[in-house]
Amino acid sequence: MSAVLLAAAAYPLVGGDWSRFRGPNGTGVAETSGLPTEFGPDKNVVWKTALPMGKSSPALTGDRIFLTAHENEKLFTICLDRESGKILWRREAPGRRLEKKHRLNDEAASSPVTDGENVYAFFGGYGLLSYGPDGNERWRKPMGPFTNFHGMGASPILAGGKLLMVVDQDIDAYMIAVNTNDGSVAWRTDRPDMVHSFSTPVVHRREDGRTELIVPGSYQMVSYDVANGDEVWRIKGLTYQVKSVPVIEDGILYFNGWAPGGEPAVRLVLPDFPEMLSRFDTDDDKRLSKAEIPKEWHPGNWAMQDLNKDTVFDARDWKYYQSRRTSTNATMAVRLGGQGDITDTHVLWRYRKTLPDVPSVLLYQGVLYTVKKGGIAMTLDPKTGRVLKVGRLMGALDDYYASPVAGDGKVYLASMLGKITVLKPGGQWEVLSTSDLGEDVFATPAIADGRMYVRTSKNLYCFAKR
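On a predicted model such as this, the values are computed, not experimentally measured, just so you know.

**Q** Before we move on, could you go through the sheet that holds strand 31 (residues 446-448) and cite the residues and values that matter?
**A** Read across the sheet, four strands follow the order 1-33-32-31 without closing on themselves; strand pairing throughout is antiparallel. For this open sheet the edge positions go to strand 1 (45-50) and strand 31, each flanked by a neighbour on one side alone. For this sheet the average axis-to-axis angle between neighbouring strands, irrespective of direction, equals 15 degrees. The pairing of strand 32 (residues 451-455) with strand 33 (residues 459-463) spans four bridges and is antiparallel. Paired with Tyr 453 across the strands is Cys 462, a residue of strand 33.

See below:
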């Protein structure tokens, strides 16, 4: 089953929708035509609407657009008219809690999701909320506080009549499913091996009829049965801090994971915790202080590895840090199916060079695309992982946080400084144009019905071929 059909099977939607982060099942691909090749503040603009700050991506359905934002120390869910860009309503979250986050993270980083009528939003500073089409609050579910070192970043999704949210944090990570009609908990599954990560899950309909939720996390990717939260399979060997979204086509999953410390040149095999205690625990308190660990083995950021923030390493802290020093950055392909640990049986290939940090992979017209810091674009053969082309986007040598998207025979790459590069797709891709919006872009664009919606630091643009 194709990714687009899968999304429809998992939850019924209206045609022309881009209902969740990165569109149909996170693929970043829209079945549409008439998209523009050039962009600008005054070029191919249908409308432009000023918005409060936020880095969430648009969710589209019917005649509505949903976004989250923050302003004057308040959190908002915002609904716009899709045709005109007019703000129809905005609703303030019942509370706001300040939490530690990375300087590039945002209070409104998680993208909303819609079922075609209602909208569901998550804020790291509050929890989950649901509103009806006219902005009436349906239910609220306060959550947290969270212990994610860089702040929360994953987005909620819908599957099997449930709203699903991954809560990967340094203490008590878990996956939760709530009923969409009232926010009550359908199931909750602990993820004790996980620490702070930011990947939004995808769903897959298995040959045995079950719908599985696929959730990348620290060092491993895990599949859960959407019906009850039971683990189905697990793949080991990922990097320690994942951010991108998997994509699925024809039973094969593609994923990219990169984090500092996962390169071969800095790999370091450290002793297990009992050996560390026997050799270096001079005060015999069964923990390791910074003074007790050899300096050449110190982490670059002690506070990040000290998961419970007690200034020393216990067994869990050490295991996490030890695993980080041998973690593996890679773009990979996985044959779906199976049960239990499928690391040795279902991983088809891994490629360990030219890896993006945040942007997800894009699979479009039989070619796999990535884009990384410095404006380096790469294409891979999805069947073998063989590199087809690596090149710089000369008009956009920039950082990239938005994921690539595609439609109408074009691939779109949006840089942090608002440069949008359009590629002619293919293994030997060509740059068709580079445009400059003159505003920062962190949110992944949304595409539907011949229009592209791009959120900048100040505005939401609707572009179409004029």
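**Q** Before we move on, can you summarise helix 2 (residues 273-280) with the specific residues and values?
**A** Here helix 2 has its buried residues at Phe 273, Met 276, Leu 277 and Phe 280. One side of helix 2 carries all its buried residues, which in axial view fall inside an arc of 100 degrees. Structural note: helix 2 exposes Pro 274 and Ser 278 on the side pointing more than 90 degrees away from its buried face. In the core, the buried residues of helix 2 are packed alongside helix 4 (315-324).

**Q** Tell me what's going on with the confidence of the model for the protein, and back it up with residues and numbers.
**A** Across the protein, the average pLDDT comes to 94, with 97% of residues at 70 or higher. A low-confidence stretch, residues 1-15 (pLDDT under 50), is modelled with 29 contacts involving residues beyond four sequence positions or located in other chains.

**Q** An account of the pattern of salt bridges is needed here, citing residue identities and associated values.
**A** Counted by the stated rule, this structure contains 26 salt bridges. Its salt-bridge partner being Arg 82, residue Asp 449 comes within 2.8 Å of it at the nearest N-O pair. Here Asp 449, found in the loop between strand 31 and strand 32, pairs with Arg 82, found in the loop between strand 4 (74-81) and strand 5 (87-92); they are 367 residues apart in sequence, far enough to count as distant. By relative accessible area, which is 6% here, Arg 82 ends up buried. The partner of Arg 234 in a salt bridge is Asp 193, and the shortest N-O contact between them spans 3.3 Å. In this pair, Arg 234 sits in strand 17 (residues 231-236) while Asp 193 sits in the loop between strand 13 (185-190) and strand 14 (202-205), placing the two residues 41 residues apart along the sequence.

**Q** Can you break down the environment of Val 185 residue by residue, with the values?
**A** Positionally, Val 185 belongs in strand 13. Classification of Val 185 as partly exposed rests on a relative accessible area of 42%. Along the chain, Val 185 and Asp 225 lie 40 residues apart, while their C-alpha atoms are 15 Å from each other. Apart from residues lying up to four places away in sequence, Val 185 is in contact with Lys 141, Ile 176, Ala 177, Val 178 and Asn 179.

**Q** Got a sec to walk through the packing of aromatic side chains? Specific residues and values, please.
**A** Across all of its chains, the model carries 16 aromatic pairs by this definition. Look at Trp 89 and Tyr 131: their rings are 5.8 Å apart centre to centre, the planes differ by 50 degrees, and that puts the pair in the tilted class. Note that Trp 89 is positioned in strand 5 and Tyr 131 in strand 8 (residues 127-131), a separation of 42 residues in sequence. For the pair Trp 89 and Tyr 131, one class covers both residues: buried. Site record: aromatic cluster; members linked through ring pairs are Phe 39, Tyr 412, Tyr 461 and Phe 463. Across from the ring centre of Phe 442, 3.7 Å away, lies the NZ or CZ of Lys 55, which sits over that ring. Its end group placed over the ring of Trp 429, Lys 389 keeps NZ or CZ at 4.1 Å from the ring centre.

Reading guide: rules and limits
In this convention, every chain numbers its residues from 1, walking through the sequence in written order. In view of the model being predicted, local features appear only for residues whose pLDDT reaches at least 70, and side-chain atom pairs are presented and counted only at 80 or more, with totals across whole chains, interfaces and linings using the full set of residues. Side-chain measures here rest on the full set of heavy atoms in the structure, leaving out hydrogens and waters. Being paired, for any two strands, means DSSP has found at least two bridges between them. Under the scheme used here, helices are H or I runs from DSSP no shorter than 4 residues and strands are E runs no shorter than 2 residues, and both carry numbers assigned from the N terminus. The axes used here are C-alpha line fits, helices contributing only the stretch in contact, and every angle between their N-to-C directions lies in the interval 0 to 180 degrees. Whether a residue is buried, partly exposed or exposed follows from its accessible area with a 1.4 Å probe, protein chains only, as a fraction of its type maximum: under 20%, in between, or over 50%, in that order. Each C-beta atom gives one direction from the helix axis, and the arc is the one those directions make. In this description, contact between two residues means that some pair of their heavy atoms is separated by no more than 4.5 Å. The pLDDT value expresses, per residue, how confident the predictor is, ranging between 0 and 100. By definition, a salt bridge exists where a carboxyl oxygen of Asp or Glu is found within 4 Å of a side-chain nitrogen of Lys or Arg. When the centres of two rings from Phe, Tyr and Trp lie within 6.5 Å, Trp using its six-membered ring, the rings pair. Their planes under 30 degrees apart give stacked, over 60 give edge-to-face, and anything left gives tilted. In this analysis the charged atom, NZ for Lys or CZ for Arg, is taken to sit over a ring once it is within 6 Å of the ring centre and within 35 degrees of the ring normal.

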